[in-house]
Structure formats: C-alpha cells, structure tokens
Amino acid sequence: PIQSETLSKNIPESLRDPEGYWFGLTKRARVIMYNKDKVDPNELSTYEDLANPKWRGKVLTRSSSNVYSQSLTASIILAHGIPETEQWARGLVANFARPPEGGDTDQIKAVAAGVGDVALANTYYLPRLIKSDNPEERAVAEKIGVFFPNQQDRGTHVNISGAGILKTAPNKDAAIQFLEFLSGPEAQAIFAQSNNEYPVLPGAEIDSVVASFGTFKEDTINAASIGRVTPDALKVMDRAGWK
Ligand SMILES: [Fe+2]
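Residues numbered from 1 in each chain as written. Predicted model: local features only at pLDDT ≥ 70, side-chain atom pairs only at ≥ 80, totals over all residues. Heavy atoms only, no water.

1. Some details on the pairing of strand β1 (residues 23–35)
Going by this rule: Exposure categories follow from relative accessible area, calculated using a 1.4 Å probe and restricted to protein chains: below 20% of the type maximum is buried, above 50% is exposed, and the middle band is partly exposed. Secondary structure elements are taken from DSSP: a helix is a run of H or I of four residues or more, a strand is a run of E of two residues or more, and numbering for both begins at the N terminus. Whether two strands pair comes down to DSSP finding at least two bridges between them.
Most of β1 sits inside the fold, with 13 of its 13 residues counted as buried. Examined bridge by bridge, β1 and strand β6 (residues 198–199) share two bridges and lie antiparallel to one another. The partner of T26 across the bridge, within β6, is P199. With four bridges joining them, β1 and strand β4 (residues 144–147) adopt antiparallel strand pairing. By the bridge assignment, I32 is partnered in β4 with F147.

Right, dumping it as structure tokens:
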C-alpha cells in the first residue's frame, strides 16, 4: 500500500482503495446506449427498469463472465440485497434480445442493426466508433444515444482504470511520483483524451466527444466494496440464467 497526500487529494475517495493498494486514474460509466430511432430517452430511467417486461426482447448485454456485468450486478446487490438483485437479473435475462455474445462494441453494433433497442455499455466504446476511420462504424455511432441511468437515486455505475505499485518494485519512490504525476491536471487530460474516459481529478480537461454525452451523477460506492460482493454477483447471475 502507498500513502500519498497528492494521490489522496487528487483522487476522490470512492475511486481508490481504502487501504492504498490501488488508485483509479480514469473512470468510465456503464450507461444505457439506445437506438435513437426506436427509443425515446424519456422511457429510460434505471438499471432496475431494464428488468421491466416492457423491454422484452430488447436488451443487449455481455455475458456474466465479463467483469463489467459482474461489477454492475455487484453494485445492485449493494443497493438492494441479494434476493431483489436475483429477481432483477431474472427479469433482465427474460428481456435479452439474444443470448449474450461479444464485447461492448458488439452490443452497440447490435443496437444500431436493430437486434435490440438498448445495450449496457461503457462510455469509452462509443467515442471509438464516433472517431473511427471506418464510415460504417461512424454510421453505427450516429444511431446511438447515451443515457445515464439512476440519476434520481444513487447515480450511474462507474468502473475505473487504475494502478498500484508492486511490493517488489525496485524504484518505489519514482513509482509513487509517477502515479502522482498521472493524477495531476496535465497528465489527467492527456490520459483521459487517449482512452476516451473521464478523468478522476475534478476539473481536469475532458475529451470533447466524451463531454458531449453530458454530465452525470455517479454511484460513489467504492470499487473495493464491489469486489467484495462480486462472488455473490456471479452466483446470482448464474441462478438467473445469465449466460
Ligand atoms: Fe473495456
């Protein structure tokens, strides 16, 4: 674990390990991406609502073996407990447009192709398509809207890109300085620009495409808590038939 005043000051508490083992450096939101021709964003509200039968056959998401599916489900367990989350997962599975396959980009492409109406996806996947050299990928992106769920309650689930220092690191002091540099305004802007994520440092510059999605309230539950209930999340998804 590392103790650093700079890291503690630059990185919000929810985005770093309480014991100092790891530090989030950029973050991404797990949003609902919807087909703008088919879905009025006023119909969208929460992750919980995606289990509503009104979305039957319309929801696209990755498999339960994917860490994003696991951490989202874990965040719902932390908000509602295991039994309610299992009920939610069953409803979500019943609404799947197809058995889960592929990565987030595949879910976005499936929304654009009309396989389903809404997909769970991390924000940074869409800028990759918007900025693509391939006109077909740009055409996909044009059909997609971004919706930040749970703005009226706990906020949108975020996950992080982060770093820590190995116990065996030969240059520990330099490594700490490097992480401190990465958490500062200049590096945060460069980092977030290059991976299309959100800086963790409040006020750091955001990529213009990412900024165009708008601002949002994020779920500030610590990723360490998410990690603790991930085994429960896996069991819940398994029982609910989330392939
Ligand atoms: Fe990813």
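Once you've had a look at it, read on.
2. A look at helix α3 (residues 82–94)
The criterion, for reference: For a helix, the expected span equals 1.5 Å multiplied by the number of residues minus one. Whether two residues are in contact is decided by their heavy atoms: any pair within 4.5 Å suffices.
Look at α3: 18 Å from first C-alpha to last across 13 residues, which is about the 18 Å you get at 1.5 Å a residue. Along α3, the positions that sit buried rather than exposed are T85, E86, W88, A89, G91, L92 and V93. Check the buried side of α3 and you find it contacts β2 (59–60), α2 (67–80) and α10 (223–239).

3. Observations regarding the packing of α2 against α10
What counts here: Here an axis means a line fitted to C-alpha atoms, over the contact stretch when the element is a helix, while the angle between two N-to-C directions is reported on a 0 to 180 degree scale. Any angle that falls under 35 degrees is termed roughly parallel, while one over 145 is termed roughly antiparallel, one within 65 to 115 roughly perpendicular, and all others oblique. Classes in brief: Ala, Val, Leu, Ile, Met, Phe, Trp, Tyr, Cys and Pro nonpolar; Asp, Glu, Lys and Arg charged; the others, Gly included, polar.
Here α2 crosses α10 at 100°, and the two axes come no closer than 7 Å. With respect to each other, α2 and α10 are oriented roughly perpendicular. Each of S69, Q70, S71, T73, A74, S75, I77 and L78 in α2 lies in contact with α10, whose residues at this interface are S225, I226, V229, T230, D232, A233, L234, V236 and M237. Counted by class, the contact of α2 with α10 contains nine nonpolar, seven polar and one charged residues.

4. Regarding the packing of aromatic side chains
The following threshold applies: Only rings of Phe, Tyr and Trp enter the pairing, Trp through its six-membered ring, and a pair is recorded when the two centres are within 6.5 Å. The plane angle decides the type: under 30 degrees is stacked, over 60 is edge-to-face, the rest tilted.
Across all of its chains, the model carries five aromatic pairs by this definition. Here F96 and W242 contribute two aromatic rings whose centre-to-centre distance is 5.8 Å and whose plane-to-plane angle is 80°, an arrangement assigned as edge-to-face. One end of the pair, F96, is in the loop between α3 and α4 (104–112); the other, W242, is in the segment after α10, with 146 residues separating them in the sequence. Judged by relative accessible area, W242 falls into the buried class, the value being 3%. Of the aromatic side chains, those joined through ring pairs into one cluster are W88, F96 and W242.

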